[in-house]
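# Breakdown of the fold
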Amino acid sequence: MNTVKNNRIVAGVKYVLPDPICKKLGKIREKSNKVMCKHFPELYKYKGRVAKLNKDIEFPSIQKGNKKIRFGPIAYLLAYGGDLSVERIVEATKQGILPFSTNGEPYLWWVADQRCVIFLDSIHIERPIKSLLKKDMFTITVDKAFLDVIYGCRGSHEGFLWLTDDRIQSLCDLHQAGYSHSIELWLDDELVGGILGFHIGGYFHIESKFGAINNGSKYLFIVLCLRMKELGFKFCDCGLWPTDHLKRLGASVIKYDEFIALLDEAILQESPVRDWEKVFYDCNVHEISK
């Protein structure tokens, strides 16, 4: 192992986040995320050091993450820096690592000891959604309004801007490469809900969603999960945080090792979807919800 003064080199990744930078990042986050800081001030403290990524698409093992630098009740910081290239995002996803940062921060890469997933044979449909499923009032499309869905998700989280300009460009690059997709909910030709997702093989990760009408995002989430089950997907990755909302829909919390085992199996599968734009063609929502 190579060493340099005040820094450590581990597997080609340098640990170089000193206390002054931690304090600076904390101030940036506090300024740009006043809403979240108000409710969760303890989640935005930076303490200690963490890996800085070099130009190679390489991440340290999750054991090298700094659990004193936390985001949410579960996630902790693994590394910072690098870029948001398609290749790096895909590699991070395969390891259960997620990028998440706000304006003014470097690119931050997070992991967790646990993961929130929804097994598609354990979906719970609440009564208001059951009522909506019986009505033929919505149209659902895929990849018809990708940027509109991005900005819908961005606008629905005012004061907590993770969809920075750089991240939006990254999502567009991933979309062009066939990894990122948008699922759109329409009512009388008006976009009233949307989901952003990442797909590889038999794996699908819901990154963000929004709804412009009451229960719109829940309805779209449930219909997407039901359709994915029908197509042959086994589970849906809901990210790092097991919210009460997700738990009510049937989401479970599993250990990181169990998640990675599921992920490894899923990404090696042949994709259940050949043409994403046709996912909801001839799909009878009422029938698949029975």
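Residues numbered from 1 in each chain as written. Predicted model: local features only at pLDDT ≥ 70, side-chain atom pairs only at ≥ 80, totals over all residues. Heavy atoms only, no water.

## Some points on the layout of surface pockets
- In this structure, the second largest pocket spans a volume of roughly 220 Å³.
- Taken together, 14 residues make up the lining of the second largest pocket; nearest its centre are Asp 136, Phe 138, Tyr 219, Cys 283 and Val 285.
- Put simply, the parts of the chain that give the lining of the second largest pocket at least two residues each are β10 (139-142) and α10 (285-288).
- By residue class, the composition of the lining of the second largest pocket is eight nonpolar, three polar and three charged. (1 Å grid on protein atoms, 1.4 Å probe; cavity = no way out; pocket = protein on both sides within 12 Å on 5 of 7 lines; lining within 4 Å. Points joined across faces, edges and corners; volume = space filled by probe spheres on them. Helix = DSSP H or I, 4+ residues; strand = E, 2+ residues; numbered from the N terminus. Nonpolar A, V, L, I, M, F, W, Y, C, P; charged D, E, K, R; others polar.)

## Re unusual backbone geometry
- Even without being a glycine, Asp 188 presents a positive backbone phi close to 55 degrees.
- With respect to the element layout, Asp 188 can be found in the loop between β11 (180-187) and β12 (190-200).
- Judged by its relative accessible area of 72%, Asp 188 is exposed.
- The backbone of Asp 282 shows a phi angle near 55 degrees, a positive value even though the residue is not glycine.
- Within the secondary structure layout, Asp 282 lies in the loop between α9 (256-268) and α10. (Buried < 20%, exposed > 50% of the residue type's maximum accessible area, 1.4 Å probe, protein only.)

## Thoughts on the pattern of salt bridges
- If you walk through the whole model with that rule in mind, you get ten salt bridges.
- A salt bridge links Glu 207 to Arg 167, with the nearest nitrogen and oxygen atoms 3.1 Å apart. With a gap of 40 residues between them, Glu 207 in strand β13 (residues 203-211) and Arg 167 in helix α6 (residues 165-176) connect regions that are remote in the sequence.
- Given a relative accessible area of 6%, Arg 167 falls into the buried group.
- One continuous salt-bridge network, built from bridges that share partners, spans Glu 126, Lys 218 and Arg 248. (Salt bridge = Lys/Arg side-chain N within 4 Å of Asp/Glu carboxyl O.)

Interpretation in functional terms is not warranted from these geometric data alone.
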